[in-house]
Amino acid sequence: SWFVIKEVTRILSHRIRQMGDLLVFVDVFELRELDMVPGKDGKKVKSKKFDKVSRLLAQSESYDSEVILDFNSQILPLYEGEKFELALSRSLYRDRDHQGELESTGDVAYFTPKEGESHLDDYDYVMHGKIFKYAEENGKAIVYISYGGLLMALKGEPRTLRSNTFKVGDNLYLLLKKFSN
């Protein structure tokens, strides 16, 4: 309903103001399609290439954005019609003043955030990735991000997905929070 959308928009706007420039995008999306690919006749058919990876297509509620996202469906099971919050952040921390602990043993580094200081407490699924392409096509901006081979394309208005905010080569964290129905 209109009240729910207005309340969600108010909460998301508050989060963005709290985090300053660390949180570069946040919106609520509804999952429209899961594991759909174009068939030989041009119509979409359900097809899954990997057991643990799904590809979703979702529509946002506030910014008229659309996202195509590969994700580990074993870690975060999502279904058509479900809603989730998607955020993109430059840091796992809620603000710039907090530091976590980074321990290194040879080639492996372990990140140990202090409790209550990171987004890991607020979200169900987190990935770290890099912007590899920014494009504007047909009056829409598209940000392409790779999360170690899992890909995302976020499409929306250029005023929302500004080229000076989403620069090729920048690292961003993807944060997903599933809403219970």
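It should be emphasised that the depicted structure is a prediction, and the values quoted were computed from it without experimental measurement. (Residues numbered from 1 in each chain as written. Predicted model: local features only at pLDDT ≥ 70, side-chain atom pairs only at ≥ 80, totals over all residues. Heavy atoms only, no water.)

Considering the pattern of salt bridges
Evaluation of the coordinates by the stated rule reveals 7 salt bridges. With a closest N to O distance of 3.5 Å, Arg90 and Asp170 form a salt bridge. Separated by 80 residues along the polypeptide, Arg90 in the loop between strand S6 (83-89) and strand S7 (101-105) and Asp170 in the loop between strand S11 (150-156) and strand S12 (171-178) bring together distant segments of the chain. Residue classification places Arg90 among the partly exposed positions, given a relative accessible area of 31%. Sharing partners across several salt bridges, the network here consists of Asp64, Lys140, Glu157 and Arg159. (Salt bridge = Lys/Arg side-chain N within 4 Å of Asp/Glu carboxyl O. Helix = DSSP H or I, 4+ residues; strand = E, 2+ residues; numbered from the N terminus. Buried < 20%, exposed > 50% of the residue type's maximum accessible area, 1.4 Å probe, protein only.)

With respect to the layout of surface pockets
Reported here for the largest pocket is a volume of approximately 220 Å³. For the lining of the largest pocket, the secondary structure elements donating two or more residues are strand S2 (36-38) and strand S4 (53-60). (1 Å grid on protein atoms, 1.4 Å probe; cavity = no way out; pocket = protein on both sides within 12 Å on 5 of 7 lines; lining within 4 Å. Points joined across faces, edges and corners; volume = space filled by probe spheres on them.)

Some thoughts on the sheet that holds S12
To summarise the sheet geometry, strands pair through backbone hydrogen bonds and adopt either a parallel or an antiparallel arrangement. As summarised here, the arrangement of the 8 strands in space is S1-S4-S5-S11-S10-S9-S12-S6, forming a closed barrel in which the pairing is antiparallel. Strand-to-strand twist across the sheet, computed as the mean angle between neighbouring axes with direction ignored, equals 35°. (Pairing = 2+ DSSP bridges. Axes fitted to C-alpha atoms, helices over the stretch in contact; angles between N-to-C directions.)

So, the environment of Tyr147
One can find Tyr147 in strand S10 (residues 140-147). Overall, the relative accessible area of 5% leaves Tyr147 in the buried class. Along the sequence, Tyr147 and Phe71 sit 76 residues apart, while their C-alpha atoms lie 9.1 Å from each other. Leave out the neighbours within four places in its chain, and Tyr147 touches Leu88, Met127, His128, Gly129, Met152, Leu172 and Leu174. (Contact = heavy atoms within 4.5 Å.)

Quick word on the pairing of strand S5 (residues 66-72)
Burial runs high along S5: 5 of the 7 residues are buried. Bridge analysis of S4 against S5 gives 7 bridges, and the strand direction is antiparallel. Bridging from a neighbouring strand, Gln59 pairs with Glu66 of S5. With antiparallel pairing between neighbouring strands as the criterion, S4 and S5 make up a hairpin whose turn holds 5 residues, including Asp64 at a positive phi of roughly 55°. In this sheet, S11 lies alongside S5 in antiparallel orientation, the contact comprising 4 bridges. Bridged to Glu66 within S11 is Lys155.

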